[in-house]
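Report on the structure
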Amino acid sequence: MSPLTGIGAAGHVLAVKIDNVGSAQRRQTGLNSADIVYVIEVEGGLSRYLAIYDSSRAPARVGPVRSARQTDIPLLAAYGRVGLAYSGAISGLLPDLAAANVQNITPAIASSQFSNGGNDPTYISPASIFTAYPDLAEAKDVGLRFGPAPAGGQSAASVSATMPSASFTFTASGTRWLVSVDGRAANTTDQGRTSADNVIIQHVHVVPGKYTDHNAGHPDNEVFSQTTGQGLADFYRGGQVWHGQWSKATDTSPTDYTINGVPMPLAPGRTWIVLEGQG
């Protein structure tokens, strides 16, 4: 059974940076096949997705693929040597990415696995990547637990999370949560409405990043979401919410999601984790 979803087989793992700003929201492909989607704050208060795919459930096409960020490295450390597919990164971050325990997969390294979808966006073929990189780490325990809903949940028809220049709303629909971004319903080009079985709002410290991007002709100050440490977390499943905590001892440790020290069981299926800055 997959430790990332609580259902199905556990295969090899590929992480993909996916654009979700402006028109990119209308060109997203394959997002509903991700086992886990992390929502991460980037420069300018905007956001980007880091989507986790298992080789046993990977879609034919994923994208639009965009650049990596500092937050990705410690966040993925608990997964082992998985693939990280991205299109570019600021120059200062490149040595850190090269030294990280991930298989870097970029157009420069694996051009045959990337394709241009017109009007600039870049997409990947997960199947061809899993074929080209058969030694990617298999799915392992990163801290998620699955099982029946615990007692003590409160009714929740929807939940919103914000970043300085981005907003997300998850609306209960049966056992699922329908995703809206910046006030607009999120849809994929191939899988319909974007949704999740679980939503975790993980409250983290967002601090200045190590590097500044000058590529656009003006400085863009990167930010870094601290996912090693501890903080508060809100868990949404089946139209209910539970309030608890998260903790991660080291970069390579699983993240413990708990309520009063007891693991919070999620519904088997896909999970979105929003790394929302805390005050």
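Residue indices follow the written sequence of each chain, beginning from 1 at its first position. This being a predicted model, a pLDDT of at least 70 is required before a residue's local features are given, and a value of 80 or more before pairs of side-chain atoms are given or counted; all residues contribute to the totals for chains, interfaces and linings. Based on all heavy atoms of the structure, the side-chain values leave hydrogens and waters out of the count.

**Examining the side chain of N104**
Our working rule: Secondary structure elements are defined from DSSP: runs of H or I of at least 4 residues count as helices, runs of E of at least 2 residues count as strands, and each element is numbered from the N terminus. What qualifies as a polar contact is a pair of N or O atoms within 3.5 Å, subject to a donor-acceptor requirement within protein and to the restriction that residues adjacent in sequence count only when both atoms come from side chains. In this description, contact between two residues means that some pair of their heavy atoms is separated by no more than 4.5 Å.
Residue position: N104 is located in strand β5 (residues 103-105). Side-chain polar atoms of N104 contact the side chain of Y86, separated by 2.6 Å. The residues contacting N104, other than those within four sequence positions of it, are L84, Y86, L97, A98 and I109.

**Let's talk about the pairing of strand β21 (residues 256-259)**
This is how the line gets drawn: In this analysis, strands are considered paired if DSSP registers two or more bridges between them.
The sheet contact formed by strand β20 (residues 240-248) and β21 spans 3 bridges and is antiparallel. Directly across from W246, in β21, lies its bridge partner Y257. Here β21 runs beside strand β22 (residues 262-263); their pairing, made up of 2 bridges, is antiparallel. Counted as the bridge partner of T258 is P263 from β22. The antiparallel hairpin formed by β21 and β22 contains 2 residues in its connecting segment, where N260 sits at a positive phi of about 55°.

**Section: the nonpolar core**
The following threshold applies: To define a nonpolar core, start from buried Ala, Val, Leu, Ile, Met, Phe, Trp, Tyr and Cys residues and group those joined through side-chain atoms within 4.5 Å. To sort residues, take the accessible area from a 1.4 Å probe on protein chains only and compare it with the maximum for the residue type: under 20% means buried, over 50% means exposed, and anything in between is partly exposed.
Residues V16, Y49, I124, F170 and W272 are the most contacted members of the largest nonpolar core, which totals 39 residues. When neighbours within four sequence positions are excluded, I124 is seen to be in contact with L14, V16, A60, R61, V62, V65, A85, Q113, F114 and I129.

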